[in-house]
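Okay, here's what each chain looks like letter by letter:
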Amino acid sequence: MKQSLIALVMALGVAAGAVAENVKLPEPVKTGGMPLMEALAKRATSRRTAGEAPTPQQLSNLLWAANGVTRPDGKRTAPSAMDKREIEIAVLTKDGLFTWDPEANELIETPACVELDDQLRGASALLVYHYDKAMQARDAALADCGFVGQNVYLFCASEGWKTVFLGTVDRAKFAVALGRGEDEILFAQRIGVK
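The rules behind each value
Residues numbered from 1 in each chain as written. Predicted model: local features only at pLDDT ≥ 70, side-chain atom pairs only at ≥ 80, totals over all residues. Heavy atoms only, no water. Pairing = 2+ DSSP bridges. Helix = DSSP H or I, 4+ residues; strand = E, 2+ residues; numbered from the N terminus. Axes fitted to C-alpha atoms, helices over the stretch in contact; angles between N-to-C directions. Contact = heavy atoms within 4.5 Å. Phe/Tyr/Trp six-rings, centres within 6.5 Å; stacked < 30°, edge-to-face > 60°. Buried < 20%, exposed > 50% of the residue type's maximum accessible area, 1.4 Å probe, protein only. Arc of directions from axis to C-beta. Core = buried A, V, L, I, M, F, W, Y, C linked by side-chain atoms within 4.5 Å.

For the protein, an unreviewed UniProt entry supplies the name Nitroreductase family protein and the organism Candidatus Spyradenecus faecavium.

What follows is the structure, encoded as structure tokens:
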């Protein structure tokens, strides 16, 4: 499934006259941070997510916390029904739209085939959660997406960042940009880096 997505992204890049570029992220920092009970106490929703652009290190840490690989067998920071690992994360920043490959810890550039700046709305980043419906039932994917979103909330609390989980996202635009069906675009989460 990852290979087909990567092939699609590369094909779109060539068709658009641009070559999709992989951005290798630095190794995530997996130590430190706020104690769990403090992060739970500080977990909050804020619609004011304007902030600085995330650095590659910050993106690496954020994405690993969201749904990163934790063990040699591929297990993740967020559980998934029947260990399907179907939740995928697209990252929209001022630099463009990327799909995150958790195994390689790389951002795969998705050539802009639709205008998405209005979706960022001044936030530091927008995470768009989507899945492959051939891999998992929608109800299970929705639950799994909730686990990923909560990990992001706790990471943001630990970092002192702002975040809001969005049920309203332009599914049609992201479906076109990511080569998915509209029903495979689940939720989005805006991030404000301080």
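After presenting the structure, the write-up continues.
Here we take up the sheet that holds strand β3 (residues 96-101). The seven strands are arranged β1-β4-β3-β2-β5-β7-β6 in an open sheet whose pairing can be described as antiparallel. This sheet does not close on itself; its edge strands, each paired only once, are β1 (22-24) and β6 (162-166). Strand-to-strand twist in this sheet, taken as the mean axis angle between neighbours without regard to direction, amounts to 25°. Note that β6 and strand β7 (residues 185-192) share five bridges and pair antiparallel. For Leu166, the partnering residue across the bridge sits in β7 and is Ala188. Lying on the sheet, helix α3 (residues 56-67) is in contact with β2 (87-93), β3, β4 (106-110), β5 (125-131) and β7; it crosses β2 at an angle near 155°. With respect to the sheet, helix α5 (residues 138-159) is in contact with β2, β5, β6 and β7, its orientation differing from that of β7 by roughly 5°.

For the coordinates displayed, the defined rule picks out three aromatic pairs. Seen in terms of ring centroids, Tyr129 and Phe165 are 6.1 Å apart; in terms of plane orientation they differ by 25°. Their pairing is stacked. On the criterion of sequence distance, the pair formed by Tyr129 in strand β5 and Phe165 in strand β6 is long-range, its members being 36 residues apart. Owing to a relative accessible area of 0%, Tyr129 belongs among the buried residues under this scheme.

One can find Phe98 in strand β3. Look at Phe98 and you get buried, because its relative accessible area is 9%. Along the backbone, Phe98 and Leu127 are 29 residues apart, and their C-alpha atoms lie at a distance of 9.7 Å. Among residues more than four places away in sequence, those in contact with Phe98 are Val23, Ile89, Ala90, Val91, Thr93, Leu107, Ile108, Glu109 and Thr110.

Residues that lie three or four places apart on an α-helix share one face, since the helix turns once every 3.6 residues. Of the residues making up helix α6 (residues 171-178), those classed as buried are Phe174, Ala175, Ala177 and Leu178. Viewed along the axis of α6, the buried residues span an arc of 170°, placing them on a single side of the element. Phi turns positive one or two residues past the end of α6, at Gly179, with a value near 65°.

Tracing the backbone shows Ala41 in helix α2 (residues 36-42). Sequence separation between Ala41 and Ala157 is 116 residues, and the spatial gap between their C-alpha atoms is 8.6 Å.

As a further point, take the nonpolar core. By size, the foremost hydrophobic cluster in this structure holds 27 residues, and its most contacted members are Leu62, Leu63, Ile89, Leu107, Leu127, Val152 and Ile191. When residues of this core are traced back to their parent elements, those giving at least two are α3, β2, β3, β5, α5 and β7. Ranked by residues supplied to this core, first place goes to α5 with six residues. If sequence neighbours within four positions are ignored, Leu127 has contacts with Leu62, Leu63, Ile89, Ala90, Val91, Val152, Phe187, Ala188, Gln189 and Ile191. Of all hydrophobic cores here, the second largest spans 17 residues; its members include Leu116, Ala123, Phe174 and Ile185.

Along the chain, Ala172 turns up in helix α6. The class of Ala172 is partly exposed, set by a relative accessible area of 34%.

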